[in-house]
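# Architecture and fold: a report
So the chains spell out like this:
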Amino acid sequence: MISRRTSLLLIAPALVLMAVLFLTPLGYSLIWAFREEEAGRWGIGNFTKAWAFYSADILFSLVIVTLSAALIGALSIAIAGYLTLGRSPRAVAVLRWLYRWPLFIPFVVAAQVMRTFLAKNGMMNNALVEMGLLTPFQTASYLDWRGIVITFVWKQTPFVTLLLAGAMASLDRSMIESAQNLGAKRLRILFGIVVPQVAQTLMVGLILSYVMMMSVLSVPMMINAQQPTMLTVDMAWRINAYGDYGVANALGFIAYLMTACVAWGYLRKELRDRTGEA
Amino acid sequence: MMQQAVQAHAPAEGPAPLGAAISLKDLHLGYDRTDVIAGLSLDVQAGEFIALLGASGCGKTTLLRALAGFVPVRQGQILLDGTDLSHTPPEARGMAMMFQSYALWPHMTVAQNIGYGLKLRGQSRAQIAARVADIAGLVGLGDLTGRRIAALSGGQKQRVALARALAVDPPVLLLDEPLSNLDAGTRGTMRHEIRALQQRLGLTTILVTHDRQEAMSMADRVVILNRGRIAQIGTPEEVYHRPADSYVARFMGATNTLPVDLGGGEELILSLPDGARARLPRAALHVPQTVAPGPAELIFRSDAVELGEVNGAGQGGAGPNSAGLTLRGRVAQHSYLGSVYRHEIRIGALRLMADAARKMPIGADVDACIPATALSLFPARSQTAVTGSKAAAPVAHPL
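Residues numbered from 1 in each chain as written. Chains lettered and ligands numbered in written order. Predicted model: local features only at pLDDT ≥ 70, side-chain atom pairs only at ≥ 80, totals over all residues.

## As for the pairing of strand E17 (residues 324-336) of chain B
Residue and element names in this part refer to chain B. Heads up, the rule is: Strands pair, by our definition, only if DSSP identifies at least two bridges between them. A helix here means a DSSP run of H or I that spans at least four residues, while a strand means a run of E at least two residues long, and both kinds are numbered starting from the N terminus.
Where E17 meets strand E20 (residues 365-371), 7 bridges bridge the pair, whose relative direction is antiparallel. Bridge assignment links Gly-329 to a residue of E20, and that residue is Val-366. Hairpin connection, E17 to strand E18 (residues 341-347): the antiparallel pair is bridged by 4 residues, and Gly-338 has positive phi, about 110 degrees.

Shown next, in the form of structure tokens:
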């Protein structure tokens, strides 16, 4: 048996690392968001400035990330659902092999790929024109908010699907069979029996994706070079172009609040479920 | 353990049975390249209670799952009241199955679990609530319908699973080892309750079990499966007292095997392993298969043996007896089973199990008498290709 003091000593290096490398910079940037350098005082000046300049971007970020998360949720349920309930072994095997690929591609590469794919003269439009579905005059560039959403969904769906398919596979198979036995079709089983039992995992996957998408700089920078854009681009711009850490910190604080809302909703639900079970 | 086998088929009295007749014709089932069930045919009458009994791996669960549609039929037919269902998907078969693990949905209440099948059938909320209350009362769940599944005991879960299966008025009820997860006391009660419900509703019921007592106490007819084939079909009394082969005899609890050398005609002359000879009238023994002169097996239950202590210096070894066999041996071990003591008797290289109300001391010399009517004679195992070396509890064997 290890004594209490020894065990504290054992985790001390990890704790120190955590404090020095993570908590200190975080706390520092949160505090310095309230420092007005030019006026030399503390206050909410950075926030009013951030809101005045970037309120549209804050809303834009929120809409993009929420929409992407919703699409990721829907697609991952569809894919994981088919992997669990699909009847053609060959189709299931192919899908299982295919869906993970985007997991191994970094965001910056994904963005680059999407640039060549979604541009006005990109592969997607060329293909549609070749097939005769569009004329060259009708083609439009998707390199705007839609491009960001498509890239996020393409990149993050495999991640959530991976978690979800694992959770579905670990469900007792007879739960599905008993519903089938009573006459339920597959779609009904998916939404009535399977998804409610993996809802926790889906929530976790979506929250992790939400946080991830909030923090990606490369995708909005490369795909959407116009206004409005996402908060990460604004933060980079404030720092690189103006050396304005105050507003950048304020924007970071706002981004942090946006993710904290989601995390809080999740924790509350988790707590309610726990107390409900006890 | 007496059965209502005969009464159950009397169609005159009571309400018309809900159940449907099932007919299996030359059924082949399997996984990958091996057939688990090969060429099985079976007719089940409407309202009949059938138990599929066998050791693990004999194909009984595969057969049940094929009836429910979860195992594809390779060849043959599954007919329900004359309609071929062998290629119908599971959701369209209408046979309600009760799973071994119960397979209740933890995110729903008891009432939602029971009412799920009715919801699928598009019934109104009021209809569902009424039916759920009915069924919950029927299986003895009464006021538990608002509970979560996690808050139920094993026995209660079992009742919910049964109620969920019964709620949709299925023509056939499939039970996959329904009682194996319950403690002994609850199991006894549930056996009785399920049987009573089945009788009351007139459901055609197929039970899969490896417990011979469960099969005999619940079913009208018992089907004993051995390596994917039917070893015997019969009423519980028939399979118990008149086993068709040595596999069935062993599976139904006849654990003692005595290798003999057979001679004679109507009067059998048995050469016992210790060299002694016994003469028994062939008509007194149960001889279901043709047994050629030569090596054979006598199989009998441990409760058929009467043990008597040898006083003083009697005659040595085994001897003939007009009413049966008498074998002399020594008590090697005993254990208490509750109502009787089970003794392990060593007779030369052989070991036999014998039950007696009185405990014999270890090391005592005893006479084991087996009446001729309790003996079943089968060809020796080497002569019969498929007799099931995996029988339930082969205890007596040469050392």
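Having seen it, we continue.
## Here we look at unusual backbone geometry
Stated formally: Exposure classification rests on a simple neighbour count of other C-beta atoms within 10 Å of a residue's own: a residue reaching 20 or more is buried, one at 12 or fewer is exposed, and one in between is partly exposed. C-beta atoms are placed from the backbone.
Of note, the bond from Gln227(A) into Pro228(A) is cis; its omega dihedral lies within 30 degrees of zero at -15 degrees. With respect to the helices, strands and loops of the structure, Pro228(A) is situated in the loop between helix H9 (218-223) and helix H10 (231-242). Even without glycine at this site, Asp26(B) takes up a positive phi of about 45 degrees. Among the secondary structure elements, Asp26(B) is positioned in strand E1 (residues 22-31). With 11 C-beta atoms packed within 10 Å, Asp26(B) lands in the exposed category. Even without being a glycine, Asp169(B) presents a positive backbone phi close to 50 degrees. Looking at the element boundaries, Asp169(B) is found in the loop between helix H5 (154-166) and strand E7 (172-176). Residue classification places Asp169(B) among the partly exposed residues on the basis of 15 C-beta atoms within 10 Å.

## Here's the deal with the domain arrangement of chain B
Spelled out, the test is: Boundary definitions for the domains trace back to an automatic or database domain assignment.
Taken domain by domain, chain B comprises domain 1 (5-241) and domain 2 (251-379). Of note, the centres of domain 1 of chain B and domain 2 of chain B, computed from C-alpha atoms alone, are 40 Å apart.

## Points about the packing of helix H3 (residues 110-120) of chain B against helix H4 (residues 125-138) of chain B
What describes two packed helices is the angle between their axes and the distance between those same axes. Residues and elements named next belong to chain B. The condition is simple: Angles run from 0 to 180 degrees between N-to-C directions of axes, and those axes are lines fitted to C-alpha atoms, restricted for helices to the stretch in contact. Angular relationships are summarised with four words: roughly parallel below 35 degrees, roughly antiparallel beyond 145, roughly perpendicular across 65 to 115, and oblique for the angles in between. Each helix crossing is assigned a hand: it is left-handed if the near helix lies turned anticlockwise from the far helix by less than a right angle, otherwise right-handed if that turn is clockwise. Any two residues are considered in contact once their C-beta atoms, placed from the backbone, lie within 7 Å. Ten residue types, Ala, Val, Leu, Ile, Met, Phe, Trp, Tyr, Cys and Pro, are classed as nonpolar, four, Asp, Glu, Lys and Arg, as charged, and the remainder, Gly among them, as polar.
In the contact formed by H3 and H4, the axes pass within 9 Å of each other and the chain directions differ by 125 degrees. Considering the angle they form, H3 stands oblique to H4. Considering only the axes of H3 and H4, their crossing is right-handed. Residues Ala-111, Ile-114, Gly-115, Leu-118 and Lys-119 of H3 pack against Ile-128, Arg-131, Val-132, Ile-135 and Ala-136 of H4. Along the lines of polarity and charge, the residues of the contact of H3 with H4 split into 7 nonpolar, 1 polar and 2 charged.

## Topic: the environment of Thr157(A)
All names here are of chain A. As for its placement among the helices and strands, Thr-157 is situated in helix H6 (residues 145-169). A tally of 24 C-beta atoms within 10 Å means that Thr-157 is categorised as buried. Through-space distance from the C-alpha of Thr-157 to that of Leu-103 is 8.7 Å; in sequence the pair is 54 residues apart. Ignoring sequence-local partners within four residues, the contact set of Thr-157 consists of Ile-72, Leu-75 and Ser-76.

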